[in-house]
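Results of the structural survey
Listed below, chain by chain, are the residues.
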Amino acid sequence: MASVEECRQALQDLAARMDANADKVRKQVDFERTLACRITDLDTAFHGRLTGGRLVDLTDGDDPKAKVALSTTSDDLIRLVRGELDIPKALASRQMSINANPFDLLKLRKLL
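The protein chain is annotated in an unreviewed UniProt entry as Sterol carrier protein from Plantactinospora soyae.

If you want it as structure tokens, here you go:
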């Protein structure tokens, strides 16, 4: 099981990768949403905002009103960020869940 700090670092790595690609992605996806990432096995969460192809304002704690909510285990979050976990397969096998508007899911897929 990954630690809270490893999960925090993975999300910061994801934010940095998204930031590096933001100019290219922003032209394809206009996406402004709040995001919650709930780590089920650590009973912790993080939240931030997806804006302009970037993940910003990432901080500890849940956002129960987030428009996009990802729930997964710590190890699966690490694998997701590293590109080792296929999102459609993880969703189908219930390794993770994403609560969002269906149109937001399509846009989110383009961001990742």
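Once you've had a look at it, read on.
**Description of the overall build of the protein chain**
Helix and strand counts for the protein chain stand at four helices and five strands. Overall, the protein chain shows an N-to-C arrangement of helices and strands of α-β-β-β-β-α-α-β-α. Taken over C-alpha atoms, the radius of gyration comes to 13 Å for the protein chain, in line with the 13 Å a tight globule of 112 residues would show. Viewed in the frame of its principal axes, the protein chain has a C-alpha envelope of about 35 × 30 × 30 Å. The buried share among the 112 residues of the protein chain stands at 38%. Excluding contacts between residues fewer than 6 apart, the proportion of contacts in the protein chain whose partners are at least 24 apart in sequence is 64%. Surface exposure of the protein chain reaches about 6,600 Å², of which carbon and sulfur atoms provide 49%. Charged side chains in the protein chain number 18 positive and 18 negative. The centres of these two groups are separated by 8 Å.

**Observations concerning the nonpolar core**
Counting residues in each nonpolar core, the largest one holds 25 residues, and the members touching the most others are Leu50, Leu55, Leu70, Leu77 and Met96. Taken together, the elements giving at least two residues each to this core come down to helix H1 (4-26), strand E1 (32-39), strand E2 (44-51), strand E4 (68-72), helix H2 (74-82) and strand E5 (96-99). Take this core: its biggest share by element is six residues, from H1. Setting aside anything within four residues of it in sequence, one finds Leu50 in contact with Met18, Phe31, Glu32, Arg33, Leu35, Leu55 and Leu108.

Cut-offs used in this document
- Each chain has its residues counted from 1, following the order in which its sequence is written.
- Thresholds applied to this predicted model are a pLDDT of at least 70 for local features of residues and 80 or more for the giving and counting of side-chain atom pairs; totals over whole chains, interfaces and linings are not thresholded and use all residues.
- Side-chain figures throughout are based on the complete set of non-hydrogen atoms in the structure, without hydrogens or water.
- Strands here are runs of E lasting at least two residues and helices are runs of H or I lasting at least four, both read from the DSSP assignment and numbered beginning at the N terminus.
- We compute the radius of gyration from the C-alpha atoms alone; for a globule the expected value is 2.2 Å times N to the 0.38, where N is the number of residues.
- Each residue gets one of three labels from its accessible area relative to the maximum for its type: buried under 20%, exposed over 50%, partly exposed in between, using a 1.4 Å probe on protein chains only.
- Residue contacts follow a heavy-atom distance rule, with two residues in contact if any of their heavy atoms lie within 4.5 Å.
- Areas reported here follow the Shrake-Rupley algorithm with a probe of radius 1.4 Å; residue values treat only the protein chains shown as occluding.
- The charge count includes Lys and Arg as positive and Asp and Glu as negative, but it does not include His or the ends of the chains.
- Where a charge sits is defined by one atom per residue type, namely NZ (Lys), CZ (Arg), CG (Asp) or CD (Glu).
- Among buried residues, the Ala, Val, Leu, Ile, Met, Phe, Trp, Tyr and Cys ones that are joined through side-chain atoms within 4.5 Å form a nonpolar core.

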